[in-house]
Amino acid sequence: MSTEQFGVTDHIEVAVADEVPDTADGNGADGGRSASTGTGVAEHRRGPIALATRRLLRNPLALVALGFLFAVIVVGVLAPLIAPYDPNEQLTGPPFLGPFSDGHLLGTDDLGRDIFSRILYGARLSILVSTATVAIALIIAVPIGLSAGYHGGRIEYGIMRVTDAMMSFPGLVLAISLVAVLGPSLKNTMIAIAVVLIPGFTRLVRGQALAIREESFIEASKSIGSPTKRIIFRRVFPNLLSPLVVQVSIALGIVLLAEASLSFLGLGARPPEISWGAMLRQASEVILVHPGQMYAPGLAIALTVLAFNTLGDGILDALTGGSGARGRRGRRRGLTFVERKMAPETSVAAPVDDAVSNLEPAPIERHESEAAPSPMTMVTLERNGEAARAAAELPPTDALLAVDGLTVQFSTARGWATVVDNVSFQIRKGETLGLVGESGSGKTVTSLSVMRLLPSPPSRITAGSVRFDGRDLLTLPIREMTKLRGSRIAMVFQDPMSSLNPALTIQHQIGQVVRWHDGGGKKHAATRANEVLEMVGIPKRRATSYPHELSGGQRQRAMIAMALVCRPSLLIADEPTTALDVTIQAQVLELMHELRKELEMAILFVTHDLGVVADICDRVAVMYAGQIVETAPVRELFHHPKHPYTEGLLRAMPQKAEPRSELYVIPGQVPQFHEFGTGCRLAPRCEYAQDRCRTTPIRLERVDPVHLARCIRWDELDLEAKI
Amino acid sequence: MTTSTTTDPTRTAPPGPLLELTNVSKLFPVREGILRRVRAHVHAVSDVSLTLARGETLGLVGESGSGKSTLGRLALRLLEPTSGRIDYLGQDITNLKRGSLRSVRRNAQMVFQDPYSSFDPLSPLASSVAEPLAVHGEGGGSARRARLEELTRLVGLGPQHLDRYPSELSGGQLQRMAVARALAIEPSFIVLDEPVSSLDVSTQAQVINLLEKLQHELGVAYLLIAHNPALVRHASDRIAVMYLGEIVEVGSAEAVYTTPKHPYTHALLSAVTVPDPDLQRTRRRIVLQGDVPNPADPPAGCRFHTRCPYVMDVCRSEVPPNFVAADGTSVRCHLHTSGPVLDGAPVADLLATSGAATSYEGSPS
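Residues numbered from 1 in each chain as written. Chains lettered and ligands numbered in written order. Predicted model: local features only at pLDDT ≥ 70, side-chain atom pairs only at ≥ 80, totals over all residues.

Novice: In this structure, what is going on with the overall build of chain A? I would like to understand it.
Specialist: Of regular secondary structure, chain A possesses 26 helices and 15 strands. Residues classed as buried in chain A amount to 52% of the 723 residues present. Look at the contacts in chain A between residues 6 or more apart in sequence, and 71% of them connect residues 24 or more apart. (Helix = DSSP H or I, 4+ residues; strand = E, 2+ residues; numbered from the N terminus. Buried ≥ 20, exposed ≤ 12 C-beta atoms within 10 Å, placed from the backbone. Contact = placed C-beta atoms within 7 Å.)

Structure (structure tokens):
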């Protein structure tokens with residue numbers, strides 16, 4: 001199972017990022033022509049830095065840490081003004097006074113000095129040492145790392161090997177030996193700790209610079225003719241700042257701790273310098289008699305380091321889009337959550353305002369099956385079966401897979417967005433159904449919902465049913481679902497590289513699937529794997545290859561082999577040829593033609609390429625903005641389309657156009673989920689749209705027994721003429 | 001659309017091709033081990049000769065790994081060729097150093113495949129689009145802003161898009177911005193590296209139309225790199241087909257697409273799907289067996305011989321000569337000069353006489 005999950009999780013990230021833009025800003029509507037309409041939405045113009053700052057300021061934990069550190073700094077700076085006593089003045093009271101004594105908030109030490117005053121002055125030194133040390137390290141590490149990452153010449157190569165060697169020493173031991181050589185003093189402590197920090201910073205900066213160098217925007221700057229200096233300072237440096245800031249925050253804590261450790265050993269701050277570490281050292285001498293002396297400096301060190309680390313975590317969360325925050329709200333399950341409301345709701349598409357409070361709506365038929373977090377998508381079902389049944393074009397008994405009224409929602413910044421809206425379709429045994437649409441149409445979400453592979457949160461299924469062989473997959477417990485996945489229903493993804501485990505041979509990965517579902521020993525699994533690899537045209541000698549040793553076409557064939565090894569009756573193929581060259585695409589299509597004949601397998605083929613649909617599909621369902629807008633047998637759809645969107649897609653294909661003529665363009669862009677109107681969702685882009693199209697919800701209408709179209713004008717329009 | 005094209009240097013330049021590549025090769029060293037010794041060379045581009053005329057579109061097709069992108073970068077002198085010669089407007093730019101290259105950069109720009117990574121995520125788009133203007137010292141303050149707004153209008157976007165960040169625009173919109181950036185300093189040619197392959201069909205059409213419109217208005221030449229032959233045919237005047245670092249066939253788009261003369265071109269084109277189920281299911285495609293060989297160790301003789309359905313003995317040992325057919329297409333294949341001599345006829349003619357190979361009915365389109 002592990003291999004499948006490997007692919008699955010990867011793919012979901014893609015699907016979610018693709019189809020549900022979290023930062024739902026009003027930019028989507030304007031494809032240029034309708035530029036003015038899109039701008040009215042709102043002022044959402046925010047740079048990535050501003051967004052990250054906002055997210056950081058919304059994180060209470062990070063805020064507390066930030067506040068605490070700010071207080072430490074203020075206290076340090078203002079120490080001479082706030083401190084009740086001179087920190088070095090002896091016998092301000094009797095020695096070893098306990099905390100909360102009269103006139104001495106934290107008591108006095110062995111010489112009768114006021115501990116509270118000393119803590120305040122200690123803050124001053126600790127913060128100063130931390131920032132100065134990190135600054136020294138950065139001044140040296142950043143230029144070296146930048147140059148090593150961006151240019152990568154021989155000198156830089158040498159420097160990097162030296163830093164590698166330095167990193168193989170334990171940091172504190174290295175610092176102690178350095179101070180021992182340089183002689184104990186606060187200045188030398190700072191130098192020693194900085195030296196320990198430099199390799200880490202250098203490697204971080206170099207790694208980031210290497211990655212940024214490969215981005216197209218750097219090549220763009222080069223092709224523009226920008227001087228290297230400009231590229232490094234304006235483009236590379238700002239982009240590596242964010243991971244650096246996280247590291248700096250944590251390093252500040254590390255330095256504070258290291259300084260305390262060295263001072264504790266008597267190597268750092270020495271009297272009359274006051275540091276928390278030095279105070280600990282003094283306290284440790286009398287620890288058996290007066291253990292209370294340790295509390296104040298110990299607590300000060302612990303809290304400050306904790307604050308630095310918490311802040312670092314908070315910055316990281318803020319920079320990576322708050323994934324941490326979302327993760328905390330609820331653990332992801334391997335099973336899409338199902339929350340089907342029994343009573344039909346009036347408006348399906350209307351997004352609910354407050355995402356968080358509506359995470360758990362009230363009267364619900366739950367199918368979360370097992371108490372422990374289970375690996376599937378969550379489902380909230382609502383029976384608006386009337387429309388769904390009208391849309392069904394086959395008697396339910398005939399279908400291998402019958403999806404009925406499927407509705408999927410995603411939690412976004414603007415509340416629940418209905419990404420798949422009341423989708424129904426059927427697939428017979430041995431039949432290939434093409435699910436066609438542009439990105440954002442909901443086709444991938446639909447295909448993932450069938451096996452409940454969408455992550456919950458942020459997704460949930462709120463209505464409909466998915467019947468496979470007569471069983472509703474939405475009510476299955478996780479154990480049953482995992483039994484089906486990979487055996488009776490299998491899946492092939494777009495990107496074979498990220499769907500295969502790079503650390504295992506393909507034979508091993510396919511063997512795992514066999515052993516999971518069919519049992520049997522390793523030997524049997526290997527034999528089965530070889531058989532099925534041979535079937536897809538990968539010779540035995542390549543069976544023990546790792547994914548990176550195979551070409552793109554071979555990897556996709558290996559993925560198909562893995563999907564087929566248990567002879568599934570349904571294969572869900574999500575853009576299986578999109579990332580491939582046309583020649584390799586031809587190989588894969590040929591293979592799928594042969595295999596489906598041989599195995600009598602039904603295929604749900606998700607794609608945006610109508611050429612591929614024409615090649616392999618028996619029937620087609622066209623999706624637009626979360627709805628099926630037309631479904632028909634393949635010839636019927638291509639020769640007699642009844643929906644303007646289908647017509648537009650066909651007309652936009654370059655294969656059909658006169659060379660060098662202007663290609664047909666569907667004006668505007670796919671609307672975002674919060675932009676759907678009450679009427680036809682294509683209306684703003686449709687050249688045939690009338691007023692009535694915009695006002696009432698459009699239902700799928702029956703053109704003939706096997707042809708459905710979601711257009712009220714289907715019988716008056718002559719769409720065939722233009723394709 | 002109003003735009004000033006008065007400063008276009010190509011208008012006053014001497015006659016002759018805009019860009020000329022002569023026997024250009026590029027080898028990348030493969031380093032291994034701790035000492036990073038060079039163990040082998042990847043033959044990314046081998047002995048390529050090409051010309052690009054003013055205002056024309058030359059399409060470059062081939063599978064991934066064929067060296068198309070490397071060739072595009074060589075044409076821009078983003079890479080230095082290992083051997084061969086590159087002339088820009090009659091001037092040898094093969095070994096120009098950084099400073100003198102800036103004048104070339106001024107006239108040659110690039111649009112990349114992935115619109116999302118083409119812009120600095122931390123800068124508002126205005127800053128990225130203005131970069132060529134800033135680098136080449138053109139305009140300042142309000143004049144520059146006016147130029148930026150003119151450019152965004154030219155590519156069908158509005159001035160409000162300039163103040164947005166890359167993450168706020170769609171792929172199609174960003175690709176328009178990339179075109180605007182490339183046009184900012186009025187170059188005479190642009191290398192388009194898979195400019196639409198990451199876009200949806202309808203967005204693809206928008207960007208292709210935009211590029212064609214701009215070519216009409218500004219007379220800019222394109223080197224269009226793409227792996228979809230149907231798209232290249234639609235948008236190009238001439239097509240060059242690359243296989244494993246070599247150009248195997250180059251000619252007018254019409255001739256190459258409808259009467260391919262190299263078996264590889266033939267196979268490549270037969271693999272293009274047609275959005276018509278009847279046509280698609282009746283036409284036979286030539287499914288090439290196996291994968292592209294390792295470019296670090298290319299096959300001897302004709303590089304295509306390991307996958308060619310018509311392979312002859314001579315193909316395995318001798319590099320095919322360049323053959324120019326009557327319609328002006330030049331092709332590198334022994335079929336035209338030895339064995340059953342095609343002598344410039346399309347490969348499809350061979351199928352009529354030999355029963356051995358897969359038959360191929362109906363030409364695409």
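Novice: Looking at this structure, I do not really get the overall build of chain B. What am I missing?
Specialist: The secondary structure content of chain B amounts to 14 helices and 12 strands. In summary, chain B has a C-alpha radius of gyration of 22 Å against a globular reference of 21 Å for 365 residues, a match within 12%. Principal-axis analysis of the C-alpha atoms gives chain B an extent of 70 × 55 × 45 Å. Split into buried and exposed, the 365 residues of chain B put 52% on the buried side. Taking the intrachain contacts of chain B between residues at least 6 apart in sequence as the baseline, contacts between residues at least 24 apart amount to 65%. (Rg over C-alpha atoms; globule rule 2.2 N^0.38 Å.)

Novice: Just checking my understanding: could you explain helix α2 (residues 68-75) of chain B for this structure?
Specialist: A turn of α-helix holds 3.6 residues, and therefore any two residues three or four places apart point the same way. All names here are of chain B. Burial of α2 is extensive: 8 of the 8 residues sit out of reach of the surface. Among all positions in α2, only K68, S69, T70, L71, G72, R73, L74 and A75 are buried. Immediately beyond the C-terminal end of α2, within one or two residues, lies R77, with a positive phi of roughly 60°.

Novice: Would you take a moment to explain the environment of B:M312 for this structure?
Specialist: Residues and elements named next belong to chain B. Locating M312 in the fold gives a position in the loop between α12 (277-282) and α13 (313-317). Overall, the presence of 15 C-beta atoms within 10 Å leaves M312 in the partly exposed class. Each C-alpha atom of the pair M312 and L335 lies 8.6 Å from the other, and the pair is 23 residues apart in sequence. When residues no more than four places from it in sequence are discounted, the contact partners of M312 are H334 and G339.

Novice: What's the story with the pairing of strand β4 (residues 401-412) of chain A in this structure? I'm lost.
Specialist: Each regular strand displays side chains that alternate between the two surfaces of the sheet. All names here are of chain A. With 12 of 12 residues buried, β4 is to be regarded as a mostly interior element. As paired elements, β4 and strand β5 (residues 415-427) share 9 bridges and run antiparallel to each other. Counted as the bridge partner of L406 is V423 from β5. The sheet contact formed by β4 and strand β7 (residues 459-468) spans 8 bridges and is antiparallel. By the bridge assignment, T407 is partnered in β7 with A463. (Pairing = 2+ DSSP bridges.)

Novice: Even after reading the chapter, I still don't get the confidence of the model for chain A, so can you show me in this structure?
Specialist: Reading predicted coordinates in detail is not appropriate for stretches of low pLDDT. All names here are of chain A. On average, residues of chain A score 79 in pLDDT, and 84% of them are at 70 or above. Counting contacts from residues 323-330, a segment whose pLDDT is below 50, to residues more than four positions away or on other chains yields 6 contacts. Between residues 342-375, whose pLDDT stays under 50, and residues either more than four places distant or in other chains, the model counts 60 contacts. (pLDDT = per-residue confidence, 0-100.)

Novice: Explain the nonpolar core to me, please; I cannot follow it from the model alone.
Specialist: Looking at soluble globular proteins, one finds that nonpolar side chains tend to be buried together. With 300 residues, the main nonpolar core has A:A561, A:V565, B:F189, B:L223, B:L224 and B:V241 as its most contacted residues. It is helix α6 (residues 115-150) of chain A that provides the largest number of residues to this core, a total of 17 residues. Among residues more than four places away in sequence, those in contact with B:V241 are B:V61, B:G62, B:I247, B:V248, B:E249, B:V256, B:H262, B:Y264, B:T265 and B:L268. (Core = buried A, V, L, I, M, F, W, Y, C linked by C-beta atoms within 7 Å.)

Novice: What is the right way to look at the interface of chain A and chain B in this model?
Specialist: Reports often express the size of an interface as the amount of accessible area lost when the parts come together. On the side of chain B, 66 residues touch chain A, which itself brings 65 residues to the contact. A per-class count over the side of chain A that touches chain B returns 25 nonpolar, 25 polar and 15 charged. (Nonpolar A, V, L, I, M, F, W, Y, C, P; charged D, E, K, R; others polar.)

Novice: Would you mind showing me how to read the packing of helix α7 (residues 171-183) of chain B against helix α8 (residues 201-218) of chain B here?
Specialist: Residues and elements named next belong to chain B. Taken N-terminus to C-terminus, the directions of α7 and α8 make an angle of 15°; their axes are 9 Å apart at the nearest point. Judged by the inter-axis angle, α7 sits roughly parallel to α8. Where α7 crosses over α8, the two elements pack in a sense that is right-handed. On the side of α7, the interface is formed by G171, G172, Q175, R176, V179 and L183, while α8 contributes T203, Q206, V207, L210, L211 and L214. Grouping the amino acids of the contact of α7 with α8 by side-chain chemistry returns 6 nonpolar, 5 polar and 1 charged. (Axes fitted to C-alpha atoms, helices over the stretch in contact; angles between N-to-C directions. Parallel < 35°, antiparallel > 145°, perpendicular 65-115°, else oblique. Left-handed = near helix turned anticlockwise from the far one by under 90°.)

Novice: Is there a simple way to explain the packing of α6(A) against helix α11 (residues 228-264) of chain A in this structure?
Specialist: Each pair of packed helices gets described by two things: the angle between the helix axes and the distance between those axes. Residue and element names in this part refer to chain A. Contact pair α6 / α11: the axes reach a minimum separation of 9 Å and the direction vectors enclose 145°. In the crossing of α6 with α11, the sense of the turn from one axis to the other is right-handed. Listed contacts from α11 to S126, V129, S130, T131, T133, V134, L146 and Y150 of α6 are I232, V236, F237, V248, A251, L252, V255, L256 and E259. In the contact of α6 with α11, the residues fall into 12 nonpolar, 4 polar and 1 charged.

Novice: What's the story with the sheet that holds strand β9 (residues 238-243) of chain B in this structure? I'm lost.
Specialist: Across a sheet, paired strands are connected by hydrogen bonds in the backbone, their directions being either parallel or antiparallel. All names here are of chain B. Read across the sheet, 8 strands follow the order β6-β7-β8-β3-β9-β10-β12-β11 without closing on themselves; strand pairing throughout is mixed. Every interior strand has two partners, whereas the edge strands, β6 (108-111) and β11 (322-324), have only one. Within this sheet the neighbouring strands show an average axis-to-axis angle of 20°, counted without direction. Relative to the sheet, α2 contacts β3 (57-61), β7 (189-193), β8 (221-225) and β9, its axis offset from that of β8 by approximately 155°.

Novice: Help me out: how do you make sense of α11(A) in this one?
Specialist: Over its 37 residues, α11(A) runs only 47 Å from end to end, short of the ideal 54 Å by more than 12%, given 1.5 Å per residue. Just beyond α11(A), the residue with positive phi is A:G266, at close to 85°. (Expected span 1.5 Å × (residues − 1).)

Novice: Help me out: how do you make sense of the sheet that holds strand β13 (residues 627-633) of chain A in this one?
Specialist: Residue and element names in this part refer to chain A. Spatial ordering of the open sheet is given by β9-β10-β11-β6-β12-β13-β15-β14, a layout of 8 strands whose pairing is mixed. Across the chains shown, the open sheet's two edge strands, defined by having one partner strand only, are β9 (489-492) and β14 (701-704). In this sheet, adjacent strand axes meet at a mean angle of 20° when their direction is disregarded. Two elements, β9 and strand β10 (residues 570-574), share 4 bridges in a ladder whose sense is parallel. Looking across to β10, one finds that V492 is bridged to A573.

Novice: Hey, could you run me through unusual backbone geometry in this one?
Specialist: We note that A:A625 has phi near 50°; this positive angle belongs to a residue other than glycine. The exposure class assigned to A:A625 is buried, which follows from the 24 C-beta atoms found within 10 Å. For B:D47, which is not glycine, the phi dihedral falls at a positive 50°. Tracing the backbone shows B:D47 in strand β2 (residues 37-52).

Novice: Which parts of the structure should I look at to understand the confidence of the model for chain B?
Specialist: Residues and elements named next belong to chain B. Averaged over chain B, the pLDDT score is 84; the fraction of residues at 70 or greater is 91%. Here residues 1-12 is a poorly scored stretch, pLDDT under 50, and it has 18 contacts once near neighbours within four places are set aside; other chains count. Here residues 354-365 is a poorly scored stretch, pLDDT under 50, and it has 24 contacts once near neighbours within four places are set aside; other chains count. What the predictor reports for the complex is a pTM of 0.80 with an ipTM of 0.84.

Novice: So what exactly am I meant to see when it comes to the environment of A:N530 here?
Specialist: Residue and element names in this part refer to chain A. The residue N530 is located in helix α20 (residues 522-535) in this model. Given 19 C-beta atoms within a 10 Å radius, N530 is considered partly exposed. Expressed as a C-alpha distance, the spacing of N530 and G405, which sit 125 residues apart in the sequence, is 41 Å. Discounting residues that sit within four places of it in the chain, N530 has contacts with Q507, K540 and A543.

Novice: Please explain the environment of A:V129 as it appears in this structure.
Specialist: Residue position: A:V129 is located in helix α6. With 530 residues separating them in the primary sequence, A:V129 and A:P659 have C-alpha atoms 70 Å apart.

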